[in-house]
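Descriptive analysis of the structure
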Amino acid sequence: MSPSVPPSTPSPSRTRPWPLVAAAAACLISFAAFWVAQRVAHVNMLDVMVYRAEAETLRAGGDLYAMRATSANLAMTYPPFAAVLFLPLTLVGVPLMRTLSTAGNLLLVVALVRLSLQLVRPALASPARRADLWRTTLWVAAVVVWCEPVWTTLRYGQINLLVAVAVLWDLTRREGSRWAGLGTGLATAVKLTPGLFVVLLLAAGLLLWRRDRGMNQWLRTALTATGVFLVTTLAMVAALPADSRTFWTRTLFETGRVGHAEETANQSLSGVLARLMHTDAPGLWWLAAAVLLGGAAMALAVRAAVRGDKPAAVVVTAFAALMVSPISWSHHWVWCVPLLILLYDRTRAWWATGTVALAFASFALWWVPHDPGRPELDQNAGQMLLSAVYPLTALAVFAGYALAVRRSPRAAAPEAPREPVAVRERQAVAKE
C-alpha cells in the first residue's frame, strides 16, 4: 500500500490572484501614461523613419549607403542585413508604423525585464514560480519604462530593446539548447556591438573546455552565434554585393558618419574624452583607453563566467561594449535594466540600487547645453560630470564588482541552486 501523501498546499499565486492582477493593472496604467507623455512631447520617432527609408531604398534597388533620410539628413550606419530586417516597415503607412513601433517596444520592455529576472534568478522560470516571475516583471516594467535610455529608445523608435532581448534570450536558454546563439548572431549581423558577447562566450567556453575537457553551453552558444553571423553576412554579400563591399571596406570605419563624438548624447568613452579634450577627434587617446578599459572589463567578465556568475558576466560585457564603442548614444544604455535588477538582488540595498537608478532616470546628461552649435566642445568641469553620468556609473560598476571579487573570492560566484527538501523527498519515494 502506498504511503499516504498529504495534500499539497495551494500556492499563494493560485489562491490569491489579485497580486498578479494588481501588477498587470499598474503596468498597463504606467504604459498608457507613458504613451500619452510621448504624444504630448511630440516625439518625432526619427530613427524608425530612417529604418523605413533604408528598406524603401533596398526595395527600389538604390545605394543603401548613399541614402539620406529625414530633415536631419541621416544616413544608414548598420550592415546591409538591417535593411532586410526593416522591410516589413514599408508594408504599412507611417502613422500605423509609428504606433506599432511604440507598442512593440513597450512589449519588449516587458520581455527585457522578464529575461533579466530569469538571468539573475533562474529559479523564477520554474513552473511553480511562474506567477511570481510575471508579477515581478510587470511591477518592474511599470517603473523602468520611465528611465532615460528606454524613454529615448521609444522617442526615436530605436531597436536597442530588440537587440538586448535577442542576446538575453540566448543567455537564458536551458542547458543544451540548440537554439542558444541564434539571437546573438542575428543581433551582431544587424548591429556589430553585440559581437562582444560572442567574445565572452568563446573565451569562457574555451577556458571551461580546457578545464573540463568537454563541450559546454558557453562554447556551444558561441559557435552557434558565430555561425549565424557568418551565414547571414555571407548571404548579404551574395545578395547585395555592392552594398556589402561599401559597408565592410568603407562605412564601417567612418565613425563621424553617425554623429559628432563630443555630443552629450554620446555616452561612450570616446564621447567623454572628446568633451574633456575639447575636440571632436580624441584619436589615439580614445584607442588606448578603450583597449585598456575594454581588456580589463572583459577579463573581469570572463572570470565571472568561468566561476559560474553568468549575470555579472553579462552585465559587465554589456557595459564594456557601450564604453569602448566610438559612439554609444544614451538610448543604447537600456542594459541599465538588468544592471538594476542584479544590483538589488546582490545587495538588497535600496540606497545603492536607488542611486544607480537615479543616474539613469534623472536625464542629467541633458541638463548641459546641447544644440547644433556644438556647445559640448566648451564644457566646464560641472557640465562634463553631468554629461558623463553613464560612463561614470559603468566605471563604478566595474570597480565595485572587482572589489567584491577581491574581498570575497570564494563567495563572489553564487552557489548552485539546491533542490527543496520536499522535492528530494518525493524523488526518494519515487525511486523506492
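As shown above, the structure is provided for reference.
Attention in this report is confined to the structure presented alongside it. (Residues numbered from 1 in each chain as written. Predicted model: local features only at pLDDT ≥ 70, side-chain atom pairs only at ≥ 80, totals over all residues. Heavy atoms only, no water.)

Bringing the packing of aromatic side chains into the picture now. Scanning the model with the defined rule gives 14 aromatic pairs in all. Considering the side-chain rings of Tyr51 and Tyr78, the 6.1 Å spacing of their centres and the 35° angle between planes classify their relative orientation as tilted. Taken together, the positions of Tyr51 in helix α3 (residues 46-60) and Tyr78 in the loop between α3 and α4 (80-85) put the pair 27 residues apart, joining distant regions of the chain. Here the aromatic cluster, defined as three or more aromatic residues joined through ring pairs, consists of Tyr65, Phe229, Phe247 and Trp248. If you follow Arg213 out to its NZ or CZ, it ends over the ring of Trp209, 5.6 Å from the centre. Its guanidinium or amino end placed over the ring of Trp218, Lys310 lies 5.7 Å from that ring's centre, counting from NZ or CZ. (Phe/Tyr/Trp six-rings, centres within 6.5 Å; stacked < 30°, edge-to-face > 60°. Helix = DSSP H or I, 4+ residues; strand = E, 2+ residues; numbered from the N terminus. Lys NZ or Arg CZ within 6 Å of the ring centre and 35° of its normal.)

Right, let's talk about unusual backbone geometry for a bit. Positive phi, close to 50°, is recorded for Met45, a residue that is not glycine. With respect to the secondary-structure elements, Met45 resides in the loop between α2 (18-40) and α3. Met45 gets classed as buried once you look at its relative accessible area, which sits at 2%. Its identity is not glycine, yet Thr70 carries a phi of approximately 65°, on the positive side. By the element assignment, Thr70 lies in the loop between α3 and α4. Taking relative accessible area as the criterion, Thr70 reaches 32% and is therefore assigned partly exposed. (Buried < 20%, exposed > 50% of the residue type's maximum accessible area, 1.4 Å probe, protein only.)

Right, let's get into α3. An ideal rise of 1.5 Å per residue puts 21 Å on 15 residues; α3 measures up with 21 Å between its terminal C-alpha atoms. In terms of residue burial, α3 counts as a mostly covered element, since 11 of its 15 residues are buried. Every buried residue belonging to α3 is among Leu46, Asp47, Val48, Val50, Tyr51, Arg52, Ala53, Glu54, Ala55, Thr57 and Leu58, and all of these are buried. Buried residues along α3 sit against α4, α5 (94-120) and α7 (148-156). Immediately downstream of α3, the backbone of Gly61 shows phi near 75°, a positive value. (Expected span 1.5 Å × (residues − 1). Contact = heavy atoms within 4.5 Å.)

Turning next to the packing of α2 against helix α6 (residues 130-144). Think of two packed helices as two axes; the pair is described by the angle between the axes and how far apart they sit. α6 packs onto α2 with a crossing angle of 25° between their chain directions and a minimal axis gap of 8 Å. Our classification of the angle between α2 and α6 gives roughly parallel. Two packed elements cross with a definite hand, and for α2 against α6 that hand is left-handed. Side by side, α2 and α6 meet where Pro19, Leu20, Ala22, Ala23, Ala24, Ala26, Cys27, Ser30 and Phe31 of the first sit next to Ala131, Trp134, Arg135, Leu138, Trp139, Ala141 and Ala142 of the second. Considering only residue class, the contact of α2 with α6 consists of 14 nonpolar, 1 polar and 1 charged. (Axes fitted to C-alpha atoms, helices over the stretch in contact; angles between N-to-C directions. Parallel < 35°, antiparallel > 145°, perpendicular 65-115°, else oblique. Left-handed = near helix turned anticlockwise from the far one by under 90°. Nonpolar A, V, L, I, M, F, W, Y, C, P; charged D, E, K, R; others polar.)

By themselves, these observations are geometric and do not establish any function.
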